[in-house]
There are 2 protein chains.
Amino acid sequence: MTRPRPQAAGDTVASVGEFGVIDRVVARAGTAAAAVVGPGDDAAVLRAPDSRVVAACDVLVEGRHFRRDWSSAEDVGHKAAAANLADVAAMGAVPTALLVGLACPAGTPTAWLEGVATGMAAECRPHGAAVVGGDTVASAPGSDAVVLSVTALGDLQGRAPVTRGGARPGDVVAVAGRLGWSACGWAVLRRGFTSPHAAVAAHRRPEPPYAAGPAAADAGATAMCDVSDGLLADAGHLADASGVVLHLDRGTLASFVDPAGPLAQVAAALGGNPLGWVLTGGEDHALLATFPAAADLPAGFVRIGVVEDGAPGVLVDGVAAADVAEGLGEGTGHVHF
Amino acid sequence: MTRPRPQAAGDTVASVGEFGVIDRVVARAGTAAAAVVGPGDDAAVLRAPDSRVVAACDVLVEGRHFRRDWSSAEDVGHKAAAANLADVAAMGAVPTALLVGLACPAGTPTAWLEGVATGMAAECRPHGAAVVGGDTVASAPGSDAVVLSVTALGDLQGRAPVTRGGARPGDVVAVAGRLGWSACGWAVLRRGFTSPHAAVAAHRRPEPPYAAGPAAADAGATAMCDVSDGLLADAGHLADASGVVLHLDRGTLASFVDPAGPLAQVAAALGGNPLGWVLTGGEDHALLATFPAAADLPAGFVRIGVVEDGAPGVLVDGVAAADVAEGLGEGTGHVHF
């Protein structure tokens with residue numbers, strides 16, 4: 001592998017070419033502890049000690065999932081990695097590697113792509129993971145948006161995978177991580193503000209509770225998913241997959257709004273109900289899980305409700321999720337089209 | 001998982017929504033023999049009996065890698081899968097699963113996406129592989145091009161991975177599969193013709209010699225890669241990674257042009273040198289490998305040269321690759337930017 005030449009200020013994807021881009025990105029990718037064959041060959045080869053591999057894929061489109069004027073390149077790298085690493089954690093696994101498919105305009109500054117690679121590497125490093133492969137191509141003629149497709153691989157370390165389909169009546173519903181912070185940060189940025197910092201930072205770089213995933217599996221979680229579309233929406237997916245009702249407690253969920261914290265602060269300044277962000281804001285990548293009633297909840301999980309028998313769905317204090325969301329002036333979650 | 005409702009003629013991604021698209025695509029994805037958890041959860045879980053997993057990623061952009069007026073949706077699915085499955089084969093592995101990241105305009109007909117899924121499933125089925133996961137999002141505002149990012153996973157079945165870096169002086173250079181057929185088909189389509197069928201079909205649906213990859217590994221191949229950028233370009237990558245010279249025989253390569261076949265026929269009709277397609281045409285996904293001189297070449301491999309000591313590069317009858325390509329009126333291979 002040739003080393004990247006020194007960065008010239010005006011370098012773009014077009015001026016350094018595909019292999020120049022790859023050299024620069026690979027130089028910042030870090031090293032995956034599990035890699036047998038790393039970047040630069042037809043494919044990567046990774047150790048899968050469990051003899052099963054977990055694989056998740058998320059696509060981020062500029063102008064929809066990030067904006068270059070709202071987020072630095074490093075932010076975008078952190079966010080793209082986090083969305084995928086959280087999916088791996090939500091199965092009860094630990095991440096081992098990322099592969100990145102990138103379509104970008106020929107005029108994209110290489111410095112921006114290097115920043116994305118740096119952000120991804122930083123998000124992966126605590127796990128011993130890294131980007132081990134990918135592909136870089138020019139966008140379609142006339143398109144000036146970057147598309148990032150990230151695939152994360154992970155190892156279950158002997159655990160049974162925790163799917164969305166195992167919740168049973170009588171189970172406890174619990175959540176680990178933040179709810180509503182990313183949506184709150186988005187509301188701030190959309191109005192042209194950049195503070196409070198905590199909210200904006202949460203939108204730019206979500207902080208999924210990665211360790212809570214394997215911990216939940218070890219504690220006997222019966223079902224789990226990450227909250228990427230919003231709590232009510234993702235609870236609905238889990239309820240559908242399990243064939244159960246998730247009955248959530250509004251008072252407990254309201255307690256996710258710290259009266260002295262950014263959600264209350266921003267809601268007071270901009271108007272709006274912070275509980276709406278908690279219930280319908282996605283992209284914080286909290287982990288939603290169900291546990292047998294007798295289980296000790298692992299550190300970080302807060303009990304927010306119970307699983308009941310009935311036509312699959314989500315209730316908040318007995319009210320259907322769609323009606324709760326409408327009452328808060330929100331849809332039930334992120335809509336991709 | 002809810003079943004897709006019957007197809008209405010005018011359905012688009014926007015009209016059925018993200019989950020409608022996913023239902024329809026999943027219904028056509030087939031089943032991966034290695035799947036423990038298939039589509040519909042946060043992540044898929046696959047058996048990796050070898051305790052290592054092979055992972056490759058390729059991105060296809062509409063208008064660059066395919067055109068909807070030149071290729072059917074099924075063709076695009078076949079081609080996108082083939083590009084990735086060939087990368088897995090080039091490591092000496094067999095494919096187990098695909099993950100697909102898709103960004104498409106909201107107006108994309110769902111029937112087109114179903115066709116892509118059908119094509120991918122058909123290309124995967126002989127291997128027992130299938131699409132096990134992915135993500136579907138709307139393109140950036142104003143972009144009307146589809147971006148498909150495909151990640152393929154594979155299993156080495158106990159073989160050592162064959163990288164690009166193991167070729168040694170004295171080795172034999174050999175290739176399995178077609179050379180130049182896809183480029184010939186592209187030349188036909190670009191002129192507005194649709195025959196000869198064999199050439200056009202080769203461009204629309206490459207036929208990589210998948211079984212030759214594991215067979216080469218079993219026969220002791222010292223290095224291998226797939227020919228996606230063109231023979232001279234990919235031989236150059238292998239030569240660079242191995243630190244050797246690949247000395248190819250022009251007469252043998254000329255024999256890849258069957259005087260009664262489509263390359264000769266199209267070259268005669270449209271002008272041009274068919275040897276240019278053989279040496280610089282990519283996307284047929286032939287497998288280029290090196291073997292110890294004493295090895296028996298596996299079925300399908302044709303000896304095309306020898307590995308020599310020297311400054312890394314590719315020679316054809318002693319002439320540098322770049323000069324050979326220039327003499328044929330071609331660059332050395334596909335340039336992505």
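Residues numbered from 1 in each chain as written. Chains lettered and ligands numbered in written order. Predicted model: local features only at pLDDT ≥ 70, side-chain atom pairs only at ≥ 80, totals over all residues. Heavy atoms only, no water.

K.L.:
Looking at this model, I keep getting lost on the packing of aromatic side chains. Mind explaining?
P.N.:
The description of two aromatic rings rests on the distance between their centres and on the angle between their planes. Considering all chains together, one arrives at 4 aromatic pairs over all chains under this definition. Ring geometry for Phe-66 of chain A and Trp-112 of chain A: centres 6.0 Å apart, planes at 25°, overall stacked. A residue pair is termed long-range when its members are at least 10 positions apart, and Phe-66 of chain A in the loop between strand 3 (52–61) and helix 2 (73–89) and Trp-112 of chain A in helix 3 (residues 110–124) qualify at 46 residues. Above the plane of the ring of Trp-181 of chain A lies Arg-178 of chain A, whose end atom (NZ or CZ) is 4.1 Å from the centre. The residue whose ring lies beneath Arg-68 of chain B is Trp-112 of chain B, and the NZ or CZ to ring-centre distance is 4.9 Å. (Phe/Tyr/Trp six-rings, centres within 6.5 Å; stacked < 30°, edge-to-face > 60°. Helix = DSSP H or I, 4+ residues; strand = E, 2+ residues; numbered from the N terminus. Lys NZ or Arg CZ within 6 Å of the ring centre and 35° of its normal.)

K.L.:
How should I be thinking about the UniProt feature "binding site: ATP" (unreviewed entry) in chain A in this particular structure?
P.N.:
As annotated by UniProt and renumbered to match this structure, "binding site: ATP" (unreviewed entry) occupies Gly-134, Asp-135, Arg-164 and Ser-228 of chain A. Separation in sequence by 95 residues is matched in space for these annotated residues, since their most distant C-alpha atoms are 31.1 Å apart. With respect to the secondary-structure elements, Asp-135 of chain A resides in strand 5 (residues 130–138). For Asp-135 of chain A, a relative accessible area of 10% gives the class buried. Excluding residues within four positions of it along the chain, Asp-135 of chain A makes contact with Glu-18, Val-100, Gly-101 and Leu-102 of chain A together with Cys-57, Asp-58 and Val-59 of chain B. Along the chain, Ser-228 of chain A turns up in the loop between strand 8 (223–227) and helix 7 (231–242). Residues within four places of Ser-228 of chain A in sequence aside, it is in contact with Asp-234, Gly-282, Glu-283 and His-285 of chain A. (UniProt positions renumbered as here; feature names shortened; annotations may be inferred. Buried < 20%, exposed > 50% of the residue type's maximum accessible area, 1.4 Å probe, protein only. Contact = heavy atoms within 4.5 Å.)

K.L.:
What's the story with the domain arrangement of chain A in this structure? I'm lost.
P.N.:
Where the parts come together, the accessible area they lose is often given as the size of the interface. Residue and element names in this part refer to chain A. Structurally, chain A comprises domain 1 (17–155) and domain 2 (172–327). Between domain 1 and domain 2, the C-alpha centre-to-centre distance is 26 Å. Taken residue by residue, the interface counts 21 residues in domain 1 and 18 residues in domain 2. Looking at the side of domain 1 facing domain 2, the largest losses of area belong to Trp-70, Lys-79 and Ala-90, adding up to 38% of the total buried there. Taken together, domain 1 and domain 2 are joined by 2 salt bridges. Salt-bridge contacts for Lys-79 lead to Glu-283; the nearest nitrogen and oxygen are separated by 3.0 Å. (Domains from an automatic or database assignment. Buried area = accessible area lost by both parts, 1.4 Å probe. Salt bridge = Lys/Arg side-chain N within 4 Å of Asp/Glu carboxyl O.)

K.L.:
Would you explain the sheet that holds strand 2 (residues 44–47) of chain A in this entry?
P.N.:
By way of backbone hydrogen bonds, the strands of a sheet pair with one another, either parallel or antiparallel. Across the sheet, which stays open at both edges, the 6 strands sit in the order 1(A)-2(A)-3(B)-6(B)-4(B)-5(B) with mixed pairing between neighbours. If you trace the sheet from one side to the other, it starts and ends with strand 1 (35–37) of chain A together with strand 5 (130–138) of chain B, each paired once. The sheet shows a mean angle of 25° between the axes of neighbouring strands, direction not considered. Packed onto the sheet, helix 2 (residues 73–89) of chain B meets strand 3 (52–61), strand 4 (94–104) and strand 6 (147–155) of chain B and runs at close to 40° relative to strand 6 of chain B. (Pairing = 2+ DSSP bridges. Axes fitted to C-alpha atoms, helices over the stretch in contact; angles between N-to-C directions.)

K.L.:
Quick question: what am I supposed to make of the sheet that holds strand 10 (residues 286–291) of chain B here?
P.N.:
Residue and element names in this part refer to chain B. Within the open sheet, the 7 strands sit side by side as 8-10-7-11-9-12-13. Their pairing is mixed. Edge positions in the sheet fall to strand 8 (223–227) and strand 13 (319–320), since each has one partner strand and no second. Here helix 2 sits on the sheet in contact with strand 8 and strand 10, set at roughly 170° to strand 8. Strand contacts of helix 7 (residues 231–242): strand 8, strand 9 (245–248), strand 10, strand 11 (301–308) and strand 12 (313–316), with the helix running at about 155° to strand 8, the strand carrying the most contacts.

K.L.:
Mind showing me how you'd approach the pattern of salt bridges here?
P.N.:
Where charged atoms from two side chains of opposite charge come close, those side chains can pair. Applying the stated criterion across every chain, the model contains 22 salt bridges over all chains. One salt bridge connects Asp-50 of chain A with Arg-52 of chain A, and the closest N-O pair in it is separated by 2.5 Å. A residue is classified by how much of its surface remains accessible, and Asp-50 of chain A, at 15% relative accessible area, is buried. The salt bridge partner of Arg-68 of chain B is Glu-62 of chain B, with a shortest N-O separation of 3.0 Å. Look at the salt bridges and you will find they share partners, linking Asp-11, Arg-24, Arg-28 and Glu-114 of chain A into a network.

K.L.:
I'm lost on the packing of helix 2 of chain A against helix 3 of chain A in this one. Help?
P.N.:
Each pair of packed helices gets described by two things: the angle between the helix axes and the distance between those axes. Residue and element names in this part refer to chain A. At a minimum axis separation of 6 Å, helix 2 and helix 3 run at an interaxial angle of 45°. What the angle tells us is that helix 2 and helix 3 run oblique. Where helix 2 crosses over helix 3, the two elements pack in a sense that is right-handed. Between helix 2, through Ala-73, Glu-74, Val-76, Gly-77, His-78, Ala-80, Ala-81, Ala-82 and Leu-85, and helix 3, the contact on the second element is made entirely by Trp-112, Gly-115, Val-116, Thr-118, Gly-119, Met-120, Ala-122, Glu-123 and Cys-124. Of the residues in the contact of helix 2 with helix 3, the class split is 11 nonpolar, 5 polar and 2 charged. (Parallel < 35°, antiparallel > 145°, perpendicular 65-115°, else oblique. Left-handed = near helix turned anticlockwise from the far one by under 90°. Nonpolar A, V, L, I, M, F, W, Y, C, P; charged D, E, K, R; others polar.)

K.L.:
Looking at this structure, how should I read the interface of chain B and chain A?
P.N.:
Chain B puts 67 residues into the contact, and the matching count from chain A is 67 residues. The contact between chain B and chain A buries some 4900 Å² in all, and 65% of this surface belongs to carbon and sulfur atoms. Viewed at the interface, chain A and chain B are joined by 4 salt bridges. Where Asp-41 of chain A meets Arg-164 of chain B, a salt bridge forms, and the shortest distance between an N and an O atom there is 3.8 Å. Across the chain B-chain A interface, the total number found is 21 residue pairs in polar contact (both at pLDDT 80 or more). Every element with two or more residues in the side of chain B that touches chain A is listed here: helix 1 (13–27), strand 1 (35–37), strand 2 (44–47), strand 3, strand 4, strand 5, strand 6 and strand 8 of chain B. Here the side of chain B that touches chain A takes 9 residues from strand 3 of chain B, the largest share from any one element. By residue class, the composition of the side of chain B that touches chain A is 39 nonpolar, 15 polar and 13 charged. (Polar contact = N/O pair within 3.5 Å; in protein donor to acceptor, adjacent residues only side chain to side chain.)

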